[in-house]
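Structure assessment
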Amino acid sequence: SDLRYLPHSTTVATRAADALAQRSGVCQDFAHVFIAACRALGLAARYVSGYLLTRPLPGQPKLVGADASHAWVELWCPEQGWLALDPTNDVPANLDHVTL
């Protein structure tokens, strides 16, 4: 990944271009950069916020952002509908991602 997860490196007012330029941020920045890239390619994408399950399965690491609110992305796919993706953790969003 070209972006590094770095708490307190940005604020809620940080623009996607600024997070990309400094190559660091938190989940909202990862989501904003991903959305901007998708939209630049003409793909429909939207911001999603919620929480992550904080108890990983035995032997599994805790996902980044699990102890606070979290942000991820949904990308529109005509054949499948909205696909939920978590760019911060580089995983598809699943039942551990609880949308508000």
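Residues numbered from 1 in each chain as written. Predicted model: local features only at pLDDT ≥ 70, side-chain atom pairs only at ≥ 80, totals over all residues. Heavy atoms only, no water.

1. Observations concerning the overall build of the protein chain
Across its full length, the protein chain carries two helices and seven strands. Ordered by position in the sequence, the α and β elements of the protein chain form the string β-α-β-α-β-β-β-β-β. Here the C-alpha radius of gyration of the protein chain, 13 Å, is about what a compact globule of 100 residues would show, namely 13 Å. Overall size of the protein chain, expressed as C-alpha extent along the three principal axes, is 40 × 35 × 25 Å. In the protein chain, which comprises 100 residues, the share counted as buried stands at 34%. Split by element, the accessible area of the protein chain, about 6,400 Å² in all, is 58% carbon and sulfur. (Helix = DSSP H or I, 4+ residues; strand = E, 2+ residues; numbered from the N terminus. Rg over C-alpha atoms; globule rule 2.2 N^0.38 Å. Buried < 20%, exposed > 50% of the residue type's maximum accessible area, 1.4 Å probe, protein only. Areas by Shrake-Rupley, 256 points an atom, 1.4 Å probe, with all protein chains shown as cover.)

2. Overview of the packing of aromatic side chains
Counted by the stated rule, this structure contains two aromatic pairs. Pairing Tyr5 with Phe30 gives two aromatic rings, centres 6.4 Å apart and planes at 45 degrees, and the pair type is tilted. In this pair, Tyr5 is assigned in strand β1 (residues 4–5) and Phe30 in helix α2 (residues 27–40), connecting sequence segments 25 residues apart. The buried category is assigned to Phe30, whose relative accessible area is 6%. Consider the rings of Trp76 and Trp82, whose centres lie 5.3 Å apart with planes at 65 degrees: the pair is edge-to-face. Its relative accessible area of 39% is what places Trp76 among the partly exposed residues. Above the face of the Trp82 ring, Arg46 is positioned so that its terminal group lies 3.8 Å from the ring centre. (Phe/Tyr/Trp six-rings, centres within 6.5 Å; stacked < 30°, edge-to-face > 60°. Lys NZ or Arg CZ within 6 Å of the ring centre and 35° of its normal.)

3. Considerations on a nonpolar patch on the surface
Taken together, Tyr51, Val98 and Leu100 make up a surface patch of nonpolar side chains, about 330 Å² in accessible area. Mapping Val98 onto the fold places it in strand β7 (residues 97–99). A relative accessible area of 46% means that Val98 is categorised as partly exposed. (Patch = residues over 30% accessible without salt bridge, like charges linked within 9 Å, V, L, I, M, F, W, Y side chains within 5 Å. Salt bridge = Lys/Arg side-chain N within 4 Å of Asp/Glu carboxyl O.)

4. Describing the pattern of salt bridges
Counted under the stated rule, the structure contains two salt bridges. Of the charged contacts in the structure, one is a salt bridge between Asp18 and Arg15, with a shortest N-O distance of 3.3 Å. A salt bridge links Glu74 to Arg46, with the shortest nitrogen-to-oxygen separation between them at 2.6 Å. Placement of the pair is Glu74 in strand β4 (residues 69–77) and Arg46 in strand β3 (residues 45–52), with a sequence separation of 28 residues. A relative accessible area of 15% places Glu74 in the buried class.

5. Concerning the pairing of strand β5 (residues 81–86)
Looking at chain direction, β4 and β5 are connected through five bridges and run antiparallel. Pairing of Cys77 across the sheet is with Gly81, part of β5. Where β4 folds back on β5, the antiparallel hairpin that results is connected by three residues. Note that β5 and strand β6 (residues 91–92) share two bridges and pair antiparallel. (Pairing = 2+ DSSP bridges.)

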